[in-house]
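# Breakdown of the fold
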Amino acid sequence: MSELDPDLLELRRVLSAKIRQARESRGITQGQLAHQMEAPRSIVNRLERGTRDKDVMTVSSLFRVAQALGMKLKIEFIEEWDV
C-alpha cells in the first residue's frame, strides 16, 4: 500500500478529525493534550492535521492520545464488500 493510497489518506483524515473532536469536546488545548501525553505540542498538531509522516500516526501515539483523553482505543478489522 502506497503512502498516497486514497484509502490510507481517508483513514488519516478520519482519525485526525476524531482526535480533534475528542480534544475539543473536553475543552482542552493542543498544549494541554500534549502535556497529558508527555509529548511536544507539535505532535498533537501533526496528528490533528493528518500528516503523512509515518512516524507520527502510529498505534502507540493513538493509544497515548486515547489515554490522555481518558478514552480507550478500539481498532477493528471489518470485511470489505464489493458493491
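An account of the accompanying structure is given in this report. (Residues numbered from 1 in each chain as written. Predicted model: local features only at pLDDT ≥ 70, side-chain atom pairs only at ≥ 80, totals over all residues. Heavy atoms only, no water.)

### Considerations on the side chain of S16
Within the secondary structure layout, S16 lies in helix α1 (residues 6-25). At 2.9 Å, the side chain of S16 forms a polar contact with the backbone nitrogen of G50. Setting aside residues no more than four positions away along its own chain, S16 makes contact with L47, E48, R49, G50 and M57. (Helix = DSSP H or I, 4+ residues; strand = E, 2+ residues; numbered from the N terminus. Polar contact = N/O pair within 3.5 Å; in protein donor to acceptor, adjacent residues only side chain to side chain. Contact = heavy atoms within 4.5 Å.)

### Comments concerning unusual backbone geometry
The backbone of E38 shows a phi angle near 55°, a positive value even though the residue is not glycine. Within the secondary structure, E38 sits in the loop between α2 (30-37) and α3 (41-49).

### Some thoughts on the pattern of salt bridges
Per the stated rule, a full pass over the model turns up three salt bridges. Here R23 and E24 are joined by a salt bridge, their closest N and O atoms 3.8 Å apart. With a relative accessible area of 9%, R23 lands in the buried category. Salt-bridge contacts for R23 lead to E48; the nearest nitrogen and oxygen are separated by 2.5 Å. Of this pair, R23 sits in helix α1 while E48 sits in helix α3, and the two are 25 residues apart along the sequence. Taken as a pair, R23 and E48 share a single burial class, namely buried. (Salt bridge = Lys/Arg side-chain N within 4 Å of Asp/Glu carboxyl O. Buried < 20%, exposed > 50% of the residue type's maximum accessible area, 1.4 Å probe, protein only.)

### Focus: the nonpolar core
Judged by nonpolar contacts, the single largest core of 14 residues is most densely connected at I19, L33, M37, V44, L47, V65 and L69. Of all elements in the fold, only α1, α2, α3 and α4 (59-68) reach the threshold of two or more residues within this core. With near-sequence residues (within four places) excluded, L69 lies in contact with A22, R23, R26, I28 and L33. (Core = buried A, V, L, I, M, F, W, Y, C linked by side-chain atoms within 4.5 Å.)

### A look at the packing of α2 against α3
With their axes 8 Å apart at the nearest point, α2 and α3 run at an angle of 115° to one another. As judged from the angle between their axes, α2 and α3 are roughly perpendicular. In the packing of α2 onto α3, the handedness of the crossing is right-handed. In this structure, α2 uses Q30, G31, L33, A34 and M37 to contact α3, whose residues at the interface are R41, V44, N45, L47 and E48. (Axes fitted to C-alpha atoms, helices over the stretch in contact; angles between N-to-C directions. Parallel < 35°, antiparallel > 145°, perpendicular 65-115°, else oblique. Left-handed = near helix turned anticlockwise from the far one by under 90°.)

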